[in-house]
Amino acid sequence: MSVETITLGCRLNLAESETIASTAPRGENWIVVNSCAVTNEAVRQTRQAIRRAHRERPAAKILVTGCAAELDPVSFAAMPGVSRVVGNTSKLNALAANDVMAPAGFHGHVRSFVAVQTGCDHRCTFCSIWQARGPSRSLPFELVRDAVAREINRGAAEIVLTGVDITDYNGGIGTLCQRLLAAEPRLKRLRLSSLDGVEMDEALFELIAGEPLLLPHFHLSLQAGDDLILKRMKRRHCRVDAVRAVDRIKAARPGATIGADLIAGFPTETEEMADNSLKLLDDCDIVAAHIFPFSPRPNTPAARMPQLRRELVKSRAARLRERAADRRTRWLDTLIGSVQPVLIESDGKGHADNFAPIVIKDASRGETGLARITGCDGDHLTAVWA
């Protein structure tokens, strides 16, 4: 079977897409479109990907799965070329010839994503993912451990643990990491995907402070920097909690870098509230910001709140992105002349342990080592092996 995967959205989708493709039997030609529903734009891009896939490979069968397919299966089933629509709960078995293992993998890369959890028990007012993914469910340690071992066997040099809400992992994400590091001595580089600062367990802070194999970049789900907006989002933290979480990370691991998700133009947001999110970039020392203009998702409380004009939402998102990009450039400039541990992923491109993007000429995929940073070329650093 020839299986092509088209993945939109999160790293959990990436791991699931690879699993769907790797467990499919031989026989027919399929295109698997693993959809995203985090924003209206993500749904639009999913439909666009389906139309393009059908146009370029009209003889292939198209299977649509993922969050957008879960929330609106009828409309996707009606699209030309779509043979099957499968919800999230059945996606891993959609083409499987055998029992499905823990989702893992990222084809063609040396960094592999391993799912440890899916679903969410929280009800943020802007989010429909809990409807698409269901309640929070943690994968048993044994399945996670075996998935990590398989990825290392396939040549993965770095493992990224991912899910919808990994800090809600049963028993604590830090405890899971400790068990994995003890059980799999070949695991030399471990990263975590998006974290909820109020759910970070003590075991995780112990690892941040004393385990060099846990790499020092931490991406936090912050969403806003204003307390009233956070309350209307039904987030479980306030502004000071976010700042304290970052302070604690940096106290435990000096030099750790911070990424964050932020939403611009949430309903009822005033200029003062928007400024508080701008200031959060500095207060949390964010160097890798993912900025989302607010998008009203169907059947969510935020969609029923007083909406801002789309032009205003877009302008606030642009302002937030500009400020974030300036901070990121200034951070990258501070690394020039330093020596950084690096993993090369492809074509001489890779990332430092702090997740700074780096290009080294004549470097091989999977190569690791210390690199001396020689300059900054736009959005990435240039380097030579030290």
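Before reading further, recall that the structure is shown in the block above.
What comes next concerns the included structure. (Residues numbered from 1 in each chain as written. Predicted model: local features only at pLDDT ≥ 70, side-chain atom pairs only at ≥ 80, totals over all residues. Heavy atoms only, no water.)

Quick word on the overall build of the chain
Part 1 of the argument: Scanning the chain from N- to C-terminus turns up 12 helices and 17 strands.
Part 2 of the argument: Radius of gyration (C-alpha) of the chain: 21 Å, near the 21 Å computed for a compact globule of 386 residues.
Part 3 of the argument: Counting only C-alpha atoms and orienting by the principal axes, one finds that the chain spans roughly 55 × 50 × 40 Å.
Part 4 of the argument: By residue count, 52% of the 386 residues in the chain fall in the buried class. (Helix = DSSP H or I, 4+ residues; strand = E, 2+ residues; numbered from the N terminus. Rg over C-alpha atoms; globule rule 2.2 N^0.38 Å. Buried < 20%, exposed > 50% of the residue type's maximum accessible area, 1.4 Å probe, protein only.)

So, the sheet that holds strand β17 (residues 380-385)
Part 1 of the argument: An order of β13-β14-β15-β17-β16 is seen for the 5 strands of this closed barrel, with the pairing classed as mixed. The average undirected angle you get between the axes of adjacent strands in this sheet is 55°. (Pairing = 2+ DSSP bridges. Axes fitted to C-alpha atoms, helices over the stretch in contact; angles between N-to-C directions.)

Some details on the packing of aromatic side chains
Part 1 of the argument: Here the structure, examined in full by the defined rule, presents 1 aromatic pair.
Part 2 of the argument: Considering the side-chain rings of Phe266 and Phe294, the 5.3 Å spacing of their centres and the 75° angle between planes classify their relative orientation as edge-to-face. Of this pair, Phe266 sits in the loop between β11 (257-264) and α11 (271-283) while Phe294 sits in the loop between β12 (286-293) and α12 (310-334); the two residues are 28 residues apart in sequence, bridging distant segments of the chain.
Part 3 of the argument: For Phe266, a relative accessible area of 0% puts it in the buried group.
Part 4 of the argument: Sitting over the ring of Phe141, Arg179 keeps its end group 3.9 Å from the ring centre.
Part 5 of the argument: If you follow Arg248 out to its NZ or CZ, it ends over the ring of Phe205, 3.9 Å from the centre. (Phe/Tyr/Trp six-rings, centres within 6.5 Å; stacked < 30°, edge-to-face > 60°. Lys NZ or Arg CZ within 6 Å of the ring centre and 35° of its normal.)

Some points on helix α10 (residues 239-252)
Part 1 of the argument: Its 14 residues give α10 an end-to-end C-alpha distance of 20 Å, which sits within 8% of 20 Å, the value for a rise of 1.5 Å per residue.
Part 2 of the argument: Residues Arg239, Ala242, Val243, Ala245, Val246 and Ile249 constitute the buried set of α10. In a view along the axis of α10, the buried residues occupy a sector of 160°, so they form one face of it. Exposed residues on α10 whose side chains face more than 90 degrees from its buried face are Arg244 and Ala251.
Part 3 of the argument: Where α10 is buried, its residues touch α8 (202-210), β10 (217-223), α9 (227-233), β11 and α11. (Expected span 1.5 Å × (residues − 1). Arc of directions from axis to C-beta. Contact = heavy atoms within 4.5 Å.)

A word on the pattern of salt bridges
Part 1 of the argument: Enumeration according to the criterion identifies 25 salt bridges in this entry.
Part 2 of the argument: Ionic pairing is found between Arg111 and Glu158, a salt bridge with its closest N-O pair at 2.6 Å. Residue Arg111 is found in strand β5 (residues 111-115), and its partner Glu158 is found in strand β8 (residues 158-162); the two are separated by 47 residues along the sequence.
Part 3 of the argument: Relative accessible area serves as the criterion here: at 7%, Arg111 is assigned to the buried category.
Part 4 of the argument: For the salt bridge of Glu158 with Arg191, the shortest nitrogen-to-oxygen distance reads 2.6 Å. Of this pair, Glu158 sits in strand β8 while Arg191 sits in strand β9 (residues 190-192), placing them 33 residues apart in sequence. Side by side, Glu158 and Arg191 carry an identical accessibility label, which is buried. (Salt bridge = Lys/Arg side-chain N within 4 Å of Asp/Glu carboxyl O.)

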